[in-house]
Amino acid sequence: MQINPEIVSGHEAHHDEHHGHHKETFITKYIFSQDHKTIGKQFLITGIIWAIVGGLFSVLFRLQLGYPNQSFPILETVFGHWAKGGQIQPEFYYALVTMHGTVLVFFVLTAGLSGTFANILIPLQVGARDMASPFLNMLSYWFFFMASIVMLSSLFIQTGPAAGGWTVYPPLSALHDASQGSKLGMDLWIVSMALFVVSALLGGLNYISTILNLRTKGMSMTRMPLTIWAMFFTAVLGVLSFPVLLSGLILLLYDRNLGTSFYLSDIVVNGQVLPNEGGSAILFQHLFWFLGHPEVYIILLPAMGMVSEILSVNSRKPIFGYMAMLASLFAIAILSFLVWAHHMFVTGLNPFLGSIFVLLTLLIAVPSAIKVFNWLTTLWRGNIRFTPATLFAIGFVSLFISGGLTGIFLGNSTIDIHLHDTMFVVAHFHIVMGVASFFGMFAGVYHWFPKMFGRYLNNTLGFIHFWVTMIGAYLIFWPMHYEGLAGMPRRYLDKSSWVSFNQFGDLDKMITIVATIVFAMQLMFVFNFFYSIFKGRKVTSKNPWGANTLEWTTPIRPGHGNWEGEIPEVYRWPYDYGKDGRDFIPQTEPIGSNESKH
């Protein structure tokens, strides 16, 4: 079969014209946009709003923990009967903890991080005009937006938002009468999370198909930047694990509203025996943590990929051990599916089975250690530019090391029996997953902000933001390890009457004060972000960081379609820095006949 070249070139011209010149209204350009860059910004700005809400919740319950016997009249003014006499009521305290965890884990660090950077970077770095399906991409944002609206509405109903911890374990979450936070708020929580899962699946399928099918000429898989590999594995994890959470939540809805007994058996409420028999609350834990552990890496992997890219660009050196980095990403992706029951060592799990999960859990330290070693050797003797993005990337490595080391304690089932559900666990996962991923996200925002908005963020505010947040993060979470070792439980709103924990009263006050300061610092970042979109210093060169990847070959403010002419061809890997006497060699430059191989 012969193909007429004129028809093909005509089709390409029409395709380019379609992307570059068709008229767009405000609504099609900024609201129901199908341009991956705009959708990425929508995810980012929605994520920032949620981060303020989730962070504010943590400041409120830290007030209660730091000053358990004091009243704050402003709390009663804002929350009414949920803060009678200026003190947060026990049921509302648990609701605050639940919403804080849900919002930050799912809406900020999953949708805000992956949704933003997968959207902005994948087509730009693999050399594609847009995502495989721009329409599904738009839908993925709007499902996330609908999930946000449902979750937000649960804050304003009479019985209050869901209160069962962010893991919503039954029977508390499965019985309407268990508590105020088990009523309508819990149904809204489940519906919101179902919408969120649809968003994550639509996005993930799009990211995978774009990376596999739409790479530009010459962009083999081993020439892709590590950011793209990280986004690829993240999307695969999401597509395989989120449906399991969805099925678990649907069964929970049935138990709540249709009288089934998937998770309920032999339960007595107020002296009355419920008719439910044969269910198991442990089943829910298996379903939840089968998502919950990959979820840790759905949050961490994009940050790892961006940190690899940012450290290489700003140390002016090739990334150390590219193939080892790929292998470790792959190993982390596989192992993250095999360790979920280490969250369940105290559920009566068979000790032999527990020992297998201990082994698999400790094994995941190996690829993590490879990544840390490679980041440090990339920095070693590099010509480092200390931009805010570089500092946040180095901060990520620091937090990943210190937070990861405490995971070795919790991964051991014997020690975990003492430490489970104490403040030690809170300290561990906040450092290694929460704060570390935020640092990766901040690094990405500072580094790619010029590409997103054609302007720079204010560097001075960026440096202040980094140092206060870095020091503050360690001051908040490191002391919690010692509280946990002493056996202090998490999720209790007042521990002051326990003689064994009185010694930590001043420490809790200090943590509360620092948490408030760090939250204020994030508001300064938000100001810097929105101010710089409109008033920041303008970018004057296409490639302000001297980077090799394809996104810096587009115009300063790329339109829909990214490249004005043909998409550039790729000839080399993305990390040719400091090679053959040259500072950097872009991927689009052909390999010279006398050039040394990397």
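Residues numbered from 1 in each chain as written. Predicted model: local features only at pLDDT ≥ 70, side-chain atom pairs only at ≥ 80, totals over all residues. Heavy atoms only, no water.

Caption draft 1: Spotlight on the packing of aromatic side chains. This model, assessed by the stated rule, comprises 59 aromatic pairs. The interplanar angle of 40° and the centroid separation of 6.1 Å between the aromatic rings of Tyr-141 and Phe-145 together place this pair among those described as tilted. In this pair, Tyr-141 and Phe-145 both sit in helix α7 (residues 134-153), four residues apart, roughly one turn of the helix. On the basis of relative accessibility, which here comes to 30%, the residue Phe-145 falls in the partly exposed class. Note on Tyr-322 and Trp-573: the rings are 5.8 Å apart at their centroids and 85° apart in plane angle, and the pair reads as edge-to-face. (Phe/Tyr/Trp six-rings, centres within 6.5 Å; stacked < 30°, edge-to-face > 60°. Helix = DSSP H or I, 4+ residues; strand = E, 2+ residues; numbered from the N terminus. Buried < 20%, exposed > 50% of the residue type's maximum accessible area, 1.4 Å probe, protein only.)

Caption draft 2: Representation of the confidence of the model for the chain within the structure. Of all residues in the chain, 96% attain a pLDDT of 70 or more, and the chain-wide mean is 90. Predicted confidence for residues 1-21 stays below pLDDT 50, and this span has nine contacts to residues more than four positions away or in other chains. (pLDDT = per-residue confidence, 0-100. Contact = heavy atoms within 4.5 Å.)

Caption draft 3: The arrangement of the pattern of salt bridges in detail. Inspection of every chain in the model, using the stated rule, returns eight salt bridges. When the shortest N-O distance is used, the salt bridge between Arg-256 and Asp-187 registers 2.9 Å. Highlighted residues: Arg-256 in helix α9 (residues 226-257) and Asp-187 in helix α8 (residues 184-213), separated in sequence by 69 residues. The pair Arg-256 / Asp-187 is uniform in exposure class, with both members buried. Across the pair Glu-589 and Arg-582 runs a salt bridge, and its minimum N-O distance is 2.5 Å. Its relative accessible area of 25% is what places Glu-589 among the partly exposed residues. Here Arg-582 falls in the partly exposed class, since its relative accessible area comes to 35%. Overlapping salt bridges bring together Arg-572, Asp-576 and Lys-579 as one network. (Salt bridge = Lys/Arg side-chain N within 4 Å of Asp/Glu carboxyl O.)

Caption draft 4: The side chain of His-430, seen in detail. When you line up the elements, His-430 lands in helix α16 (residues 423-453). Every residue in contact with His-430, bar those within four places of it in the chain, is listed here: His-100, Val-435, Ala-436 and Phe-477.

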